[in-house]
Amino acid sequence: MSDFGRELLSCAVAGVVADEHPLRHVADLPPRPGQPESWPQWAHPDVVRAFVDRGVRTPWSHQRAAADLAHDGRHVVLSTGTASGKSLAYQLPILSAMASEPRTRALYLSPTKALGHDQLRTAQALTDAVPALHDVAPSSYDGDSPVDVRRFARERSRWIFSNPDMIHLSLLRNHARWAVFLRHLKFIVVDECHYYRGIFGSNVALVLRRLLRLCARYSADPGGPTVVFASATTAAPSATAAELIGQTVTEVTEDGSPQGART
């Protein structure tokens, strides 16, 4: 792999005058073996079976660590590399809770519709595979959703896939119509949270904090929903996530997924 990487690098810089291209250093990183963990005892067996049927034999160490924290009701940010399987870290506790408690609701937020729709398709496949989850009805709730789809999501769906703008424009201003959903909202997923910086990040932080206050108003659970953040590798993921909700967030940064050699 390192030879192939260097061959690609040579092609990339071929024909460029040495004094003009920005290449200053080349390093070969060795392959990294994966660190598998066992499935947690709290995970619903049918949910585990659905993951196994999709080819996930065991979770990686970072997936298990983040899932355990979320299951225990602790806000957590998972900051690991691309394609390290961050989604399983929140899918496992959410689906297990939904399978055990039929009133449980979850909300997934992403900065792009494409990412949200991709996660929605995965959630639909997983819930279809588990009999106890057939009533979850994962639904999108964004600017492209027709009126009847939005009404169905609000009244029937237990797992809604949306974005911060729609939460601001629709849910927060009409929160009384969302009372049942807010009362049973147990998990909020904030995907790609490293996008929320600067003015945009400040706006999202205000939306999330007001959402949490409304959950406290409607819910009998004083702890409110657990927030699970997923992020690309950043310098201070826990600090970034904590600024968004104004509460302590535990970080998981040790990537346990396997990785090939890289140049």
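Residues numbered from 1 in each chain as written. Predicted model: local features only at pLDDT ≥ 70, side-chain atom pairs only at ≥ 80, totals over all residues. Heavy atoms only, no water.

1. Focus on the sheet that holds strand 1 (residues 76-79)
Pairing between the strands of a sheet comes from backbone hydrogen bonds, and it takes one of two forms, parallel or antiparallel. Taken in spatial order, the 7 strands of this open sheet run 3-4-2-5-6-1-7, and their pairing is parallel. With partners counted over all chains shown, the strands left at the sheet margins are strand 3 (139-140) and strand 7 (250-252), one partner each. Docked against the sheet, helix 4 (residues 86-100) engages strand 1, strand 2 (105-109), strand 4 (159-162), strand 5 (185-190) and strand 6 (226-231), running at close to 170 degrees with respect to strand 5. (Pairing = 2+ DSSP bridges. Helix = DSSP H or I, 4+ residues; strand = E, 2+ residues; numbered from the N terminus. Contact = heavy atoms within 4.5 Å. Axes fitted to C-alpha atoms, helices over the stretch in contact; angles between N-to-C directions.)

2. A closer look at helix 3 (residues 61-71)
Among the 11 residues in helix 3, 8 count as buried, and that is most of the element. Among the residues of helix 3, those classed as buried are S61, H62, Q63, R64, A66, A67, L69 and A70. Residues of helix 3 that are buried make contact with strand 1, helix 4, strand 5, strand 6 and strand 7. G73 sits one or two residues past helix 3 and shows a positive phi near 85 degrees. (Buried < 20%, exposed > 50% of the residue type's maximum accessible area, 1.4 Å probe, protein only.)

3. Quick word on the nonpolar core
Within the largest apolar cluster, 35 residues are counted, with the highest numbers of intra-cluster contacts made by F51, I94, L133 and W159. Residue assignment for this core shows that the elements contributing at least two residues are helix 2 (45-53), helix 3, strand 1, helix 4, strand 2, helix 5 (113-128), strand 4 and strand 5. Per element, the largest residue contribution to this core is 9 residues, and it comes from helix 4. The next biggest cluster of nonpolar side chains, apart from the first, holds 34 residues, and it includes V77, A205, L212 and V227. (Core = buried A, V, L, I, M, F, W, Y, C linked by side-chain atoms within 4.5 Å.)

4. A closer look at unusual backbone geometry
In this structure, A83 takes a positive phi of about 65 degrees despite not being glycine. Checked against the element boundaries, A83 lands in the loop between strand 1 and helix 4. Given the relative accessible area of 77%, A83 is considered exposed. For A137, which is not glycine, the phi torsion reads 50 degrees and is therefore positive. Positionally, A137 belongs in the loop between helix 5 and strand 3.

5. Section: the pairing of strand 5
A large share of strand 5 lies buried, amounting to 5 of its 6 residues. Both strand 2 and strand 5 contribute to a ladder of 5 bridges, which runs parallel. Bridging from a neighbouring strand, L109 pairs with V190 of strand 5. Note that strand 5 and strand 6 share 4 bridges and pair parallel. When the bridges of strand 6 are listed, I188 appears paired with V227.

6. Details of the pattern of salt bridges
Side chains that differ in sign of charge can pair as their charged atoms come close. Across all of its chains, the model carries 9 salt bridges by this definition. Of the charged contacts, one joins R158 and D135 as a salt bridge, the two residues approaching to 2.9 Å between their closest N and O atoms. One end of the pair, R158, is in the loop between helix 6 (147-155) and strand 4; the other, D135, is in the loop between helix 5 and strand 3, with 23 residues separating them in the sequence. D135 gets classed as partly exposed once you look at its relative accessible area, which sits at 43%. (Salt bridge = Lys/Arg side-chain N within 4 Å of Asp/Glu carboxyl O.)

7. Details of the packing of aromatic side chains
This model, assessed by the stated rule, comprises 7 aromatic pairs. Pairing Y90 with Y108 gives two aromatic rings, centres 6.1 Å apart and planes at 45 degrees, and the pair type is tilted. Here Y90, found in helix 4, pairs with Y108, found in strand 2; they are 18 residues apart in sequence, far enough to count as distant. The same class applies to Y90 as to Y108, namely buried. Pairing Y141 with W178 gives two aromatic rings, centres 5.1 Å apart and planes at 85 degrees, and the pair type is edge-to-face. You can see Y141 sitting in the loop between strand 3 and helix 6 and its partner W178 sitting in the loop between helix 7 (164-171) and helix 8 (179-183), a full 37 residues away along the chain. Overall, Y141 belongs to the buried group, its relative accessible area being 5%. Grouping aromatic residues by their ring pairs yields a cluster made of Y90, Y108, W159 and F161. (Phe/Tyr/Trp six-rings, centres within 6.5 Å; stacked < 30°, edge-to-face > 60°.)

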